[in-house]
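# Close look at the chain arrangement
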Amino acid sequence: MTHAYDDTNIFAKILRGEIPNDTVLDTEHSLAFRDITPKAAVHVLVIPKGAYVTYDHFAREASDAQIADFTRAIAEVCRREGLEEGGYRLISNVGEAGLQEVPHMHVHILGGQSLGPLLAE
Ligand code: AMP
């Protein structure tokens, strides 16, 4: 799969400050903000600041510092949002089969309620 990055996507615009976002955490290499259409009581998106299209693109080509920052950003959001005790779910939709809408790598953090089965029946 090719990973040509389209910098007109909505998360690139958020990173450039062209459209607003509800920031939860801003680190050197990552940004976490609330999903505009929340699917759970807590629904936060975490994105790397680098130009990565998918999870596999990021995992292969990001620096160790970017990957460590991103991984720790997710954990820090879970802590700040009070999700550690009750649990939560991480999802990264990729490509056509994953129904990825925004072609900038992101992980959904969902929690604050019981989340039901992994996939819609
Ligand atoms: P997906 O690419 O399918 O994993 O999901 C993209 C997610 O981005 C969806 O849950 C949208 O609700 C969310 N989204 C789209 N535009 C914005 C925005 N401007 N601010 C916050 N979340 C957004």
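What this report covers is the structure whose coordinates are included nearby. (Residues numbered from 1 in each chain as written. Predicted model: local features only at pLDDT ≥ 70, side-chain atom pairs only at ≥ 80, totals over all residues. Heavy atoms only, no water.)

The next thing to look at is the site of the ligand. Among the 16 residues in the neighbourhood of the ligand, the closest are listed as Asp 35, Asn 93, Glu 101, His 106 and His 108. A distance of 2.5 Å is found between an oxygen atom of the ligand and a side-chain nitrogen or oxygen belonging to Asp 35. For the ligand, an oxygen atom lies 2.6 Å from a polar atom in the side chain of His 106. Against a free-state accessible area of 510 Å², the protein chains account for coverage of 88% of the ligand. Taken together, the elements giving at least two residues each to the shell around the ligand come down to helix H1 (10–15) and strand S2 (30–34). Among the residues forming the shell around the ligand, the class breakdown is eight nonpolar, five polar and three charged. (Near = heavy atom within 4 Å. Polar contact = N/O pair within 3.5 Å; in protein donor to acceptor, adjacent residues only side chain to side chain. Areas by Shrake-Rupley, 256 points an atom, 1.4 Å probe, with all protein chains shown as cover. Helix = DSSP H or I, 4+ residues; strand = E, 2+ residues; numbered from the N terminus. Nonpolar A, V, L, I, M, F, W, Y, C, P; charged D, E, K, R; others polar.)

It is worth spelling out the layout of surface pockets at this point. A volume near 1,000 Å³ is recorded for the largest pocket. Forming the walls of the largest pocket are 35 residues, and the residues nearest its centre are Asp 35, Lys 39, His 43, Asn 93 and His 108. Those elements that place two or more of their residues in the lining of the largest pocket are H1, S2, strand S3 (42–48), strand S4 (88–91) and strand S5 (107–111). Of the residues contributing to the lining of the largest pocket, the split by class is 20 nonpolar, nine polar and six charged. (1 Å grid on protein atoms, 1.4 Å probe; cavity = no way out; pocket = protein on both sides within 12 Å on 5 of 7 lines; lining within 4 Å. Points joined across faces, edges and corners; volume = space filled by probe spheres on them.)

Sheets are built from strands paired through backbone hydrogen bonds, the pairs being either parallel or antiparallel. The strand order across the open sheet formed by five strands is S1-S2-S3-S5-S4, and the pairing between neighbours is antiparallel. Only two strands of the sheet have a single partner each, and these edge strands are strand S1 (23–26) and S4. Adjacent strand axes in the sheet meet at a mean angle of 20° when their direction is disregarded. (Pairing = 2+ DSSP bridges. Axes fitted to C-alpha atoms, helices over the stretch in contact; angles between N-to-C directions.)

Enumeration over the complete set of coordinates arrives at seven salt bridges. Lys 49 serves as the salt-bridge partner of Asp 26, at 2.6 Å between the closest nitrogen and oxygen. Placement of the pair is Asp 26 in strand S1 and Lys 49 in the loop between S3 and helix H2 (55–61), with a sequence separation of 23 residues. Across the pair Arg 79 and Glu 76 runs a salt bridge, and its minimum N-O distance is 2.7 Å. (Salt bridge = Lys/Arg side-chain N within 4 Å of Asp/Glu carboxyl O.)

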